[in-house]
Structure formats: structure tokens, C-alpha cells
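Structural characterization, general
Each chain, letter by letter, is given below.
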Amino acid sequence: MKSHFRFTRGQRNGIFLLLAIILMLQCVYVFSDFSTEEVFADRSRVLQFQNEIDSLKRIEAAKSKREIYPFNPNFITDYKGYTLGMSIEEIDRLHKFRATQKWVNTAEDFQKVTKISDSLLNELSPYFKFPDWIINSRSKTDVVYGNQAKTFNQKQDLNKASVNDLQKVNGIGKVLSARIVKFRNKFQGGFIADIQLQDVYGISLEVMERLLNDFTVKTPRNIEKITLNSAKIDQLVTIQHIDYEL
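Treat the numbers as computed from the prediction; the structure is a model and nothing was measured.

1. Digging into the overall build of the chain
Scanning the chain from terminus to terminus reveals 10 helices and four strands. The order of helices and strands in the chain, counted from the N terminus, is α-α-α-α-α-α-β-β-β-α-α-α-β-α. Sorting the 246 residues of the chain into buried and exposed places 26% on the buried side. When contacts within the chain are restricted to residue pairs at least 6 apart in sequence, those whose partners lie at least 24 apart make up 58%. Split by element, the accessible area of the chain, about 18700 Å² in all, is 55% carbon and sulfur.

2. Here we look at the pattern of salt bridges
Counting across every chain of the model gives one salt bridge. The salt bridge partner of D214 is K150, with a shortest N-O separation of 3.1 Å. Linking D214 in helix α9 (residues 205-214) with K150 in the loop between β2 (147-148) and β3 (156-157), this pair joins segments that are 64 residues apart in sequence. Its relative accessible area of 21% is what places D214 among the partly exposed residues. Taking the relative accessible area as the measure of exposure, K150 reaches 32% and is therefore partly exposed.

3. Regarding the packing of helix α4 (residues 88-98) against helix α5 (residues 107-114)
For the pair α4 and α5, interaxial distance at closest approach is 8 Å and the crossing angle is 110°. As the angle between them shows, α4 and α5 are arranged roughly perpendicular. In this structure, α4 contributes E90, R93, L94 and F97 to the contact, and α5 contributes F110, V113 and T114. Residue composition of the contact of α4 with α5, grouped by class: four nonpolar, one polar and two charged.

4. Some thoughts on the environment of Y69
Topologically, Y69 is positioned in the loop between α2 (43-64) and α3 (78-83). Under the relative-accessibility criterion, Y69 is labelled exposed at 52%. When the C-alpha positions of Y69 and K129 are compared, they lie 9.6 Å apart, and in sequence the two are 60 residues distant.

5. As for the nonpolar core
One finds L166, I172, I180, L197, I203 and L211 to be the most contacted residues of the largest nonpolar core, which totals 20 residues. For this core, the secondary-structure elements that each account for two or more residues are α8 (174-185) and α9. Ignoring sequence-local partners within four residues, the contact set of I180 consists of L166, I172, F191, L197, V200, I203 and L211. Core analysis: the next-biggest nonpolar cluster, separate from the first, contains 15 residues, I76, M86, A107 and F128 among them.

6. Considerations on the packing of aromatic side chains
Scanning the entire structure with this criterion turns up five aromatic pairs. Measuring from centroid to centroid gives 5.6 Å for F71 and F128, while their planes differ by 80°, and the two rings are edge-to-face. Residue F71 is found in the loop between α2 and α3, and its partner F128 is found in the loop between α6 (118-124) and β1 (143-144); the two are separated by 57 residues along the sequence. Among the residues examined, F71 registers a relative accessible area of 8% and is labelled buried. Assessed through its relative accessible area of 12%, F128 is described here as buried. Taken together, a centroid distance of 6.2 Å and an interplanar angle of 35° make the contact between F183 and F191 tilted. This pair shows no difference in class: F183 is buried, exactly as F191 is. An aromatic cluster of at least three residues, connected via ring pairs, comprises F71, F110 and F128. For the cation-ring pair, R98 lies above W103, with the distance from its terminal atom to the ring centre recorded as 4.2 Å. Between the NZ or CZ atom of K218 and the centre of the ring of F152, over which it lies, the distance is 5.4 Å.

Conventions and cut-offs
- Residues numbered from 1 in each chain as written.
- Predicted model: local features only at pLDDT ≥ 70, side-chain atom pairs only at ≥ 80, totals over all residues.
- Heavy atoms only, no water.
- Helix = DSSP H or I, 4+ residues; strand = E, 2+ residues; numbered from the N terminus.
- Buried < 20%, exposed > 50% of the residue type's maximum accessible area, 1.4 Å probe, protein only.
- Contact = heavy atoms within 4.5 Å.
- Areas by Shrake-Rupley, 256 points an atom, 1.4 Å probe, with all protein chains shown as cover.
- Salt bridge = Lys/Arg side-chain N within 4 Å of Asp/Glu carboxyl O.
- Axes fitted to C-alpha atoms, helices over the stretch in contact; angles between N-to-C directions.
- Parallel < 35°, antiparallel > 145°, perpendicular 65-115°, else oblique.
- Nonpolar A, V, L, I, M, F, W, Y, C, P; charged D, E, K, R; others polar.
- Core = buried A, V, L, I, M, F, W, Y, C linked by side-chain atoms within 4.5 Å.
- Phe/Tyr/Trp six-rings, centres within 6.5 Å; stacked < 30°, edge-to-face > 60°.
- Lys NZ or Arg CZ within 6 Å of the ring centre and 35° of its normal.

As C-alpha cells, then:
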């Protein structure tokens, strides 16, 4: 084996020279720019490929476009408003208006409150879904079942009404009145707004209208907001309509 690893002085010099040449060529390869600025391409084919790419992008965008379902504009969240194309200022105007316990009852009211453009209103208004039984108790003067509709001050507080109080409404008996009170007492502080009545099992639209002609939520419960980015499952499931799976 020794004969394979013994080199003469000339052989060693040749090896060092070869390593130096290899190192020099590597440096030239790494630090030199061999590219050229002249690129020859068939412009017509490039445009053809670009048109195909643009077509595919439009098809993909159409597939991923968010489908809008009917919704009540009184309950637009920040995320919902963003997906609908509303600006932050427009969403904040709606939330500030709703914080006064007032309702948006028409598309014109919605535009007046949010100040959205006519084009956006025309795009969104076909999807507005206003519950028939929401009553603007401060200004409503229509006749309901032959009686003049009561004002906000004349109505009783729904959060303080007893089972016997609710039974005075036509269509509400012992079972339904007890069910309403039981559902209300599930939440510490009672209802947030009249709209929660729709979650009571067995109550019809007509009965709700008659009930809200005499009762309304005057003392809504306080809401303790949860930071969504740090919320745990045990916190989220305390919110109505959110179960463990969701």
C-alpha cells in the first residue's frame, strides 16, 4: 500500500497545482455573472400564455367568491361587514347605533346609519332579512289587534315579568309562560334584546308580536366580552348557539 501514497516532489507540485486550478475555477463560477440581458421570446406566445393564466385566475376567483345568504343587518359583526365590502368606519357607525338599543328596519335606514354607497346598498339590500315581529317601540303608532300600540315607557320590562304577567297575553298559557321565564333565567341578568324570544321553543310569530306589544327588554344584561384570539373552548361554549364541535 505504501507505493500508492509515495509521491515524488514533482508529483506533489502537480497535485497542488491541480487543487489551485480547481479552487480558482470554483471562485469564477460562484462570483461571475454568466447571464445575458438579451432574451429572445415569441411575444405572441407569451401573450397567449398570459391570457390563459388570467382566465384560470378568474375562474378560481369565481369559485372562491363568498356566497351571501340572507341576513339581518342589525347583527353584522366586524368580520361579516368586512366580507360584505363595508369599511371599518361604516361598521363602527352601525355598532354605535345599535349600542343605543335602536334597530335598523329598512334598507334606507341601514344606508342612513352606515353611510354606505348606493352601489354597495344595491348589492346587499336584496339579502336583508328583517324579522316581521321586530317593533320600533319608540315610534310605532300602528294599531295592533284593535288596540293602539304602546310606547316604550308604557310597556313592562320583559326581564322582570313573572309567569302570571306573561299569561295575560293572548296565546300564552302556563306552559309557554313558564318556558319563557325558564329560558330567560338561564342567563344571569336575563335577555339582551327582544330578538332572543325567537329561541324559545314553541312560540309563534303571532304570539311574539302580541307579547312585544306589552313587553320589551328595558334592562338588558351586561355582556362580558371574550378575547377571541386567546379564548379557550370552555369559555366559548358558554356563548349561546356555540357547542363544543363548533
